[in-house]
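Take a look at the letters that make up each chain.
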Amino acid sequence: MTAKKPLVIVTRKLPAPIEARMGELFDVRLNGDDHPFSAAELAAAIREADVLVPTVTDRIDARLLSQAGENLRLIAQFGTGVDNIDVETARRRGITVTNTPGVLTEDTADMTMGLLLAVPRRLAEGSRYLREHEGQWPGWSPTWMLGRRLTGKRLGIIGMGRIGQAVARRAKPFGLEIHYHNRKPANAVIEQELEARFWENLDDMLPKVDIVSVNCPLTPQTFHLLDTRRLKLLKPEAYIVNTARGEIIDENALIRALEAGELAGAGLDVFEHEPTVNPRLLKLPNVVSLPHMGSATIEGRVEMGGKVIVNIKTFMDGHRPPDRVIPAIM
């Protein structure tokens, strides 16, 4: 007799090869039109599913988890971050949570490096100028559209995990001096390879660097890590790039600093109130705003889906999934 396939409910549309493979392995319910699940739809899914496959845009909090059906034993997140899931409550209810770590490191680091180039060199500004003026521009001038060179500048990385290290490896050949703040120093071999300086105190690092790259996870400790007080520690010539989570920066404080000329510019792929972007940010010429594209590569999303499938299959076969999230070490 063939064993019953687990009911897997997926909250967003996934790459076609992943959905096809899921259909072969599981009793899968897909989101054909890719609409964001409402609270009611999430509640219905969590009551029915054996496995829920959410994304970072789905809020899986204690209130929702209290409605989980007896069959729900696995939440297999399609994404690296799990700040949208109350992992501790899930654990107490006997629900395992997995994610997809390591897959998007290079893609996110590429996007970070792109913003590190685009903001100081005013690439988006120049492109926007040509579009708005229908290809007409004043012609070359010694003083027009001046930006800042990267060589010789100090890059301060907040969060020296996989992505932070990948950013540093890209930035060093551009002549950037690597500084970083982390919960603990990186491995000595990595520090030596990158010629990186560790700052235990973030407040000490910020005044010394020219560009800040935010690459740490969102936790209660990193929420509004860069607030009004810390933003004022930066030089007026400094730039901020954030490809991690929008809530790590107090967005209103950042806007005030940019509008007041207390910062030179920002490159943002994430925002505090996604998917809404503050209109004041969009009006600032020295801000490059992107719609959370850091992980948006075909290769990366397919690899993420592959990890989700492996986590589900391993769990359903009675083994510990390789990417189990443990609250104590998040």
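Residues numbered from 1 in each chain as written. Predicted model: local features only at pLDDT ≥ 70, side-chain atom pairs only at ≥ 80, totals over all residues. Heavy atoms only, no water.

**Some thoughts on the UniProt feature "domain: D-isomer specific 2-hydroxyacid dehydrogenase NAD-binding" (unreviewed entry) in the protein chain**
Per the UniProt annotation, the sites labelled "domain: D-isomer specific 2-hydroxyacid dehydrogenase NAD-binding" (unreviewed entry) are residues 113-294. Across residues 113-294 one finds 30% helix and 15% strand; the C-alpha atoms that close the span lie 11 Å apart. (UniProt positions renumbered as here; feature names shortened; annotations may be inferred. Helix = DSSP H or I, 4+ residues; strand = E, 2+ residues; numbered from the N terminus.)

**With respect to the environment of Met113**
Here Met113 is to be found in helix H5 (residues 105-118). Of the residues examined, Met113 reaches a relative accessible area of 7% and is grouped as buried. In this structure, the C-alpha to C-alpha distance between Met113 and Arg170, residues 57 residues apart in sequence, is 6.9 Å. Not counting residues up to four positions away in its chain, the partners in contact with Met113 are Leu150, Arg170, Ala171 and Phe174. (Buried < 20%, exposed > 50% of the residue type's maximum accessible area, 1.4 Å probe, protein only. Contact = heavy atoms within 4.5 Å.)

**Comments concerning the pairing of strand E9 (residues 211-214)**
Of the two faces of E9, the one holding Ile211 and Ser213 and the one holding Val212 and Val214 are both buried throughout. One ladder, built from four bridges, connects E9 with strand E10 (residues 239-242); its direction is parallel. By the bridge assignment for E10, Ser213 is matched with Val241. (Pairing = 2+ DSSP bridges.)

**Thoughts on the packing of aromatic side chains**
Across all of its chains, the model carries three aromatic pairs by this definition. Between Tyr129 and Trp144, the ring centres sit 5.1 Å apart and the planes meet at 75 degrees, which makes this aromatic pair edge-to-face. Of this pair, Tyr129 sits in helix H6 (residues 123-132) while Trp144 sits in the loop between H6 and strand E6 (154-158), placing them 15 residues apart in sequence. Of the residues examined, Trp144 reaches a relative accessible area of 31% and is grouped as partly exposed. Centre to centre, the rings of Tyr180 and Phe198 are 5.3 Å apart; their planes meet at 45 degrees, and the pair counts as tilted. Within this pair, whereas Tyr180 is found in strand E7 (residues 177-181), its partner Phe198 is found in strand E8 (residues 197-198), the two being separated by 18 residues in sequence. Given a relative accessible area of 22%, Phe198 falls into the partly exposed group. (Phe/Tyr/Trp six-rings, centres within 6.5 Å; stacked < 30°, edge-to-face > 60°.)

**Points about empty space enclosed by the protein**
For the structure shown, the criterion picks out one cavity of 30 Å³ or more. The computed volume of the largest cavity comes to approximately 40 Å³. Contributing to the lining of the largest cavity are Asn242, Gly246, Ile249, Glu251, Leu254, Leu268, Val270 and Phe271. Residue composition of the lining of the largest cavity, by class: five nonpolar, two polar and one charged. (1 Å grid on protein atoms, 1.4 Å probe; cavity = no way out; pocket = protein on both sides within 12 Å on 5 of 7 lines; lining within 4 Å. Points joined across faces, edges and corners; volume = space filled by probe spheres on them. Nonpolar A, V, L, I, M, F, W, Y, C, P; charged D, E, K, R; others polar.)

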